[in-house]
Structure formats: C-alpha cells, structure tokens
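Next come the chains, spelled out residue by residue.
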Amino acid sequence: MRWIMASLGLLTVIVVFSLAALDQKNVVWVGDEPLCPHCRHEVTEFASVCTSCQRAFDWKINEVPCDACLSSRDARFYLHKVQANAEAFEAALQQAGIEKEQLPGFLEYAESLKEGRCGYCGGSGEWLAPGYQERTTGDGGITELYPLMRDYMNGKCPVCFGTGRCVLCDGDRMVEIGRESAKRDLLRVSKMGARIDPLRDERSAGAKFQLLDAYVRNHRGRGEVRKVASFDQISERHIERALARRRFIEEIILTLP
Ligand SMILES: [Zn+2]
Ligand SMILES: [Zn+2]
Ligand SMILES: [Zn+2]
C-alpha cells in the first residue's frame, strides 16, 4: 500500500512540474519587435529560446494597428468635410483630371468613407475608375501586364479582389504579425515568382497571377501582405495602389474648407 502512495505522490510531482514547464512565459512584443520575456533581449522571429539568456519561452503572434486604411475618427472627419462641401469636392475631382463618367465612383467612394475599407475601391469591391492614374509611369504606373490584370479581375478591385476590406487588416484595423505560415508562404511565393517571366506567354502570366491571388486570399489581415509584389504595377508592392488612391482622395478632401 505504501509503495502505491509513494508512486502516486511521485506521479503528482511529475505532472505538476511538467505542467509548470509547459506554461512558459510568452514572447513580449514591443510594436513589431519580439523580445525575450526574461531578459528583454530581441529574439529571432518564431524562436522559442533566447540566444542571449538561453531561457525558453513560447512564441505568440501579435496584432498592431493598421496604417493602410482610415481610422473611424479620420473617416468621420473626412466624411463631414465632403458632405459640407459637396460641390467644391466634385469640382476639385474634375480639376484633378477625373472624367465625367468616372465621377460617380469617386463620389460614392467619398460618401461612404468608413474605417477598415480598401483604399482603392473604398469598400465597393469594384475596379473604380479604370485608367485613371494608371497610364503613366511612377506612382500608379502600369506595365504591359495591365490588360491581363483587367481581364483576370473582370471589374473587381485589383487590390482587395472584391471584398471591399482593407487587405492589410482585413477590415478590423488590426494587423496580425508573427505568424510563421505567412512568412513562409511569402518566401515561397517570392522565390517561385522570380523564376517565372510573366511576359513570356499567357500561361506564365497566369501562373504568376495565381501566386499573388492565392497569397492575398490566404493571408489577408497579416503584415506580410504589405510586402507582396504587384502583378502589373511599376510600383513594386501590391498594396501601393490602395495607398496611392487613398492619399489622392485625402489630399483633395484636405483642400476643402
Ligand atoms: Zn533572454
Ligand atoms: Zn478594394
Ligand atoms: Zn487596414
């Protein structure tokens, strides 16, 4: 009987110690920097042992505020400005070179400003004003692949692919960082993409687009989306189109009284 009690006691001690060992401290995030929870030294991404103090910890993903879309405070401020100066806003858009048939899209964009929306389509999920700022090189410039992109999207927004939500935060204004699969897939997509010349033939172009499409669909809302290469834009990042369009609208609104 005594040995049974002794074994049970020993077992309890083992279980308690194992549980204690399993419940390690989590990595500490300061902004987008992962730090050791014991010594606060910066740690390698996705690591579970600190190279400085050699102690173990648990890796944990983090969330940071999105800077690619409007906050509710900014959205309300801009919306109020547009509504109070509707005529001046329309005139400023025309002054900026927006053609008559493209105006309704931009007006709808401005009248439905809201936090977490895609900066390119403003939430409609549609390819707003095709051709506008898409002919020149530089900001918003296009490559020979542009007509193909138009075909693939079939009227849908070339940044959010039709969801209407900001591609970086997926609409909730929080961007997930530190997820290993997002980084792994980004490296894979970049490597595979570098081996494909999309200008060689349509199959190659299609394969290259598929890489982008799958990445954005699988990882929207994660920080790595910011680094994905554009398919048809001279600016190198996929998200740049949305940032440029958002800057454009904001600058016009800010000129209003
Ligand atoms: Zn440490
Ligand atoms: Zn969009
Ligand atoms: Zn966002």
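Our structure is the block above this text.
We now turn to the structure provided with this report. (Residues numbered from 1 in each chain as written. Chains lettered and ligands numbered in written order. Predicted model: local features only at pLDDT ≥ 70, side-chain atom pairs only at ≥ 80, totals over all residues. Heavy atoms only, no water.)

## Thoughts on the packing of helix α3 (residues 86-95) against helix α4 (residues 103-111)
How two helices sit against one another is set out by the angle between their axes and by the gap between those axes. Quick note on the threshold: In this description, a line fitted to the C-alpha atoms serves as the axis of each element, helices being fitted only across the stretch in contact, and the angle between N-to-C directions of two axes falls anywhere from 0 to 180 degrees. The helix and strand labels rest on DSSP assignments: H or I over at least four residues marks a helix, E over at least two residues marks a strand, and numbering proceeds from the N terminus. Roughly parallel means an angle under 35 degrees; roughly antiparallel means over 145; roughly perpendicular covers 65 to 115; every other angle is labelled oblique. When the near helix sits turned anticlockwise from the far one by under a right angle, the crossing is termed left-handed; a clockwise turn instead gives a right-handed crossing. Contact between two residues is taken to exist if any of their heavy atoms lie within 4.5 Å; hydrogens are not considered. Each residue is assigned to one of three groups, with Ala, Val, Leu, Ile, Met, Phe, Trp, Tyr, Cys and Pro labelled nonpolar, Asp, Glu, Lys and Arg labelled charged, and all others, Gly among them, labelled polar.
Where α3 contacts α4, the two axes come as close as 11 Å, and the packing angle between them is 130 degrees. Classified by the angle between their axes, α3 and α4 sit oblique to one another. Relative to α4, α3 is oriented so that their crossing is right-handed. Residues F89, E90, L93 and Q94 of α3 touch α4, and the partners they reach there are L103, F106, L107 and A110. Residues of the contact of α3 with α4, tallied by class, amount to 6 nonpolar, 1 polar and 1 charged.

## Comments concerning the coordination of the zinc ion (ligand 3)
Applicable threshold: Donors, by definition, are the N, O and S atoms found within 2.8 Å of a metal, the threshold being 3.2 Å for Na, K and Ca, and water is not counted, so a site can look incomplete. Partly exposed residues are those whose accessible area sits between 20% and 50% of the maximum for their type, while under 20% is buried and over 50% is exposed, using a 1.4 Å probe and protein chains only.
Coordination of the zinc ion (ligand 3) by the protein is provided by C66 (SG), C69 (SG), C166 (SG) and C169 (SG), with metal-donor distances spanning 2.3 Å. Read from N- to C-terminus, the donor residues coordinating the zinc ion (ligand 3) fall into the pattern C-x2-C-x96-C-x2-C. Here C69 is found in the loop between β3 (62-65) and α2 (72-84), whereas its partner C169 is found in the loop between α5 (146-153) and β4 (174-177), with 100 residues between them in sequence. Relative accessible area serves as the criterion here: at 3%, C69 is assigned to the buried category. Accessibility expressed as a relative area gives 2% for C169, which makes it buried.

## Looking at the coordination of the zinc ion (ligand 2)
As a reminder, the rule being used: By the criteria applied here, four donors are tetrahedral when all angles lie between 85 and 135 degrees, four are square planar and six octahedral when opposite donors are over 155 degrees apart and every other angle lies between 65 and 115, and any other arrangement is irregular.
Here the zinc ion (ligand 2) is held by the protein donor atoms C118 (SG), C121 (SG), C157 (SG) and C160 (SG), which lie 2.3 to 2.4 Å from it. Here the zinc ion (ligand 2) binds 4 donor atoms, and the angle range of 104 to 117 degrees at the metal identifies the geometry as tetrahedral. Counting along the primary sequence, the residues that act as donors to the zinc ion (ligand 2) give the motif C-x2-C-x35-C-x2-C. Residue C118 is found in the loop between α4 and α5, and its partner C157 is found in the loop between α5 and β4; the two are separated by 39 residues along the sequence. As far as the burial class goes, C118 and C157 line up, both buried.

## Thoughts on the packing of helix α6 (residues 180-194) against helix α7 (residues 202-219)
Two elements in contact, α6 and α7, have axes whose closest approach is 10 Å; the angle formed by their N-to-C orientations is 170 degrees. Judged on the interaxial angle alone, α7 and α6 are roughly antiparallel. For the pair α6 and α7, contact is made by S181, A182, D185, L186, V189, M192 and G193 and by K208, L211, Y215 and H219, respectively. Here the contact of α6 with α7 is composed, by residue class, of 6 nonpolar, 3 polar and 2 charged.

Everything listed here is a matter of coordinates, which is why it stays silent on function.
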